[in-house]
Amino acid sequence: MDISQLVPEWIRTLTPYQPGKPIEELEREYSVHNSIKIASNENPLGPSPKAIAAITAALPQLHLYPDGDCFYLKQRMAEKLDIDRSRLIFGNGSNELIEMIVRAFMRTGESIVVGEHAFAIYRLVAQAVGGRTIAVPHKGFQFDLEAMAKAITANTRIVFLDNPNNPTGTIYTRNEWEAFLKAVPANVFVVVDEAYFEFVDDRDYPNSLAYQDGKRLLVTLRTFSKICGLAGVRVGYGISSPEIIDALNRIRQPFNVNSLAQIGALAALDDNDHIWRTQENNRQGIAYLRRELDRLGLEYAPSWGNFLLVKVGAGTYQRLLPEGIIIRPMEGYGFPGYARVSVGTSPENERFIAAMEKLLKNRGA
Ligand SMILES: Cc1ncc(COP(=O)(O)O)c(C=O)c1O
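**Regarding the environment of Glu194**
Here's step 1: Tracing the backbone shows Glu194 in the loop between β6 (189–193) and β7 (218–223).
Here's step 2: Residue classification places Glu194 among the buried residues on the basis of a relative accessible area of 0%.
Here's step 3: In sequence terms Glu194 and Ser94 are 100 residues apart; their C-alpha atoms lie 9.6 Å from each other.
Here's step 4: With sequence-adjacent residues up to four places away left out, Glu194 is seen in contact with Asn163, Tyr205, Pro206, Asn207, Ser208, Thr220, Leu221 and Arg222.

This is the structure in structure tokens:
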């Protein structure tokens with residue numbers, strides 16, 4: 001039987017998400033060791049040590065199903081954010097919440113609005129339910145919020161905004177955001193994906209949580225993957241009105257967040273030392289990379305996240321692989337000749353710069 005005939009057209013034509021190359025794969029393919037991966041905006045300092053200790057202590061309980069409601073994690077997060085627990089939902093990474101939002105609120109044939117160079121998952125998830133994506137051109141590296149509001153049509157259900165945006169690293173300001181909110185129709189969901197929230201240090205950065213008034217269809221997404229270094233266990237969270245959270249809970253898998261993720265996240269949440277060291281490493285790393293990229297004459301987008309979009313030149317990704325360095329090529333995001341480079345530890349950043357310098361010298365020779 002030709003299975004493809006049974007697959008809806010929108011699934012057949014879907015190009016799956018391409019994750020960054022795993023280190024193990026690179027080392028197998030190139031027989032190199034001591035490789036570094038500065039490609040997926042992970043935490044270069046590793047997981048929160050408090051999370052490691054809590055997860056290790058919880059291993060003997062792995063025969064039990066997790067708490068489907070994430071009771072303790074929800075309780076602590078609600079206290080920390082000073083909100084009612086009915087406004088919180090946890091997911092298998094914030095990616096799962098993106099998917100749940102689309103499944104809960106969108107019908108086949110309806111559309112989402114995104115920035116042309118926004119995080120790729122939004123359009124993939126919309127396509128997976130037979131939805132359409134209206135991709136709005138950027139203003140330079142930034143979202144054009146005015147144009148995005150104007151692009152909303154009668155069948156648009158959701159606008160996705162990642163702030164900072166992956167892969168450009170840029171943010172929109174409070175003024176742009178407030179004007180946008182005024183322009184968005186009341187029946188359109190606005191999802192603000194703040195995966196890099198904790199890295200932003202800018203007075204003009206709007207915290208979307210502060211705009212949740214219970215009336216707007218507004219969802220804030222955050223994650224433990226970046227700041228807490230827990231990308232491997234998969235845990236993110238969403239904050240919205242109790243009604244919106246209730247709708248999402250209806251389609252949530254009963255045990256969507258595994259027990260190690262819950263225990264690790266709960267410990268990491270209060271690991272201020274690890275959070276502070278991560279932020280400090282990022283501040284210093286971004287400053288170092290900018291300085292060195294300027295020295296090498298390489299262009300990059302201004303970034304408020306833990307990565308930089310750099311014009312490294314076509315073919316650079318491939319040429320760095322035998323050096324044991326994985327960056328992320330950005331052709332797929334509409335940036336030919338660019339790569340996204342995550343901030344690493346100081347030695348990792350230095351190794352990337354040294355490899356780029358060598359490559360540029362060879363190119364010039
Ligand atoms: C903007 C954005 N949102 C969400 C995610 C996924 O986060 P999680 O690991 O919580 O699924 C990423 C990961 O790179 C991201 O860049």
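**With respect to the packing of aromatic side chains**
Aromatic ring pairs are described here by two measures, namely the spacing of the ring centres and the angle between the planes.
Here's step 1: The tally for this structure, following the rule as stated, stands at 16 aromatic pairs.
Here's step 2: Ring centres of Tyr65 and Phe255 lie 4.7 Å apart, and the angle between their planes is 25°; on these two criteria the pair is classed as stacked. Of this pair, Tyr65 sits in the loop between α3 (49–58) and α4 (71–81) while Phe255 sits in the loop between α9 (242–251) and α10 (259–269), and the two are 190 residues apart along the sequence.
Here's step 3: Ring geometry for Phe119 and Tyr122: centres 5.6 Å apart, planes at 80°, overall edge-to-face. The two residues Phe119 and Tyr122 agree in class, both being buried.

**Overview of the site of the ligand**
Here's step 1: Close to the ligand lie 13 residues; Ser94, Asp193, Tyr196, Thr223 and Ser225 are nearest.
Here's step 2: At 2.7 Å from an oxygen atom of the ligand is found a side-chain nitrogen or oxygen belonging to Asn166.
Here's step 3: Of the residues assigned to the shell around the ligand, the class counts are three nonpolar, six polar and four charged.

About the thresholds
Residues numbered from 1 in each chain as written. Predicted model: local features only at pLDDT ≥ 70, side-chain atom pairs only at ≥ 80, totals over all residues. Heavy atoms only, no water. Helix = DSSP H or I, 4+ residues; strand = E, 2+ residues; numbered from the N terminus. Buried < 20%, exposed > 50% of the residue type's maximum accessible area, 1.4 Å probe, protein only. Contact = heavy atoms within 4.5 Å. Phe/Tyr/Trp six-rings, centres within 6.5 Å; stacked < 30°, edge-to-face > 60°. Near = heavy atom within 4 Å. Polar contact = N/O pair within 3.5 Å; in protein donor to acceptor, adjacent residues only side chain to side chain. Nonpolar A, V, L, I, M, F, W, Y, C, P; charged D, E, K, R; others polar.

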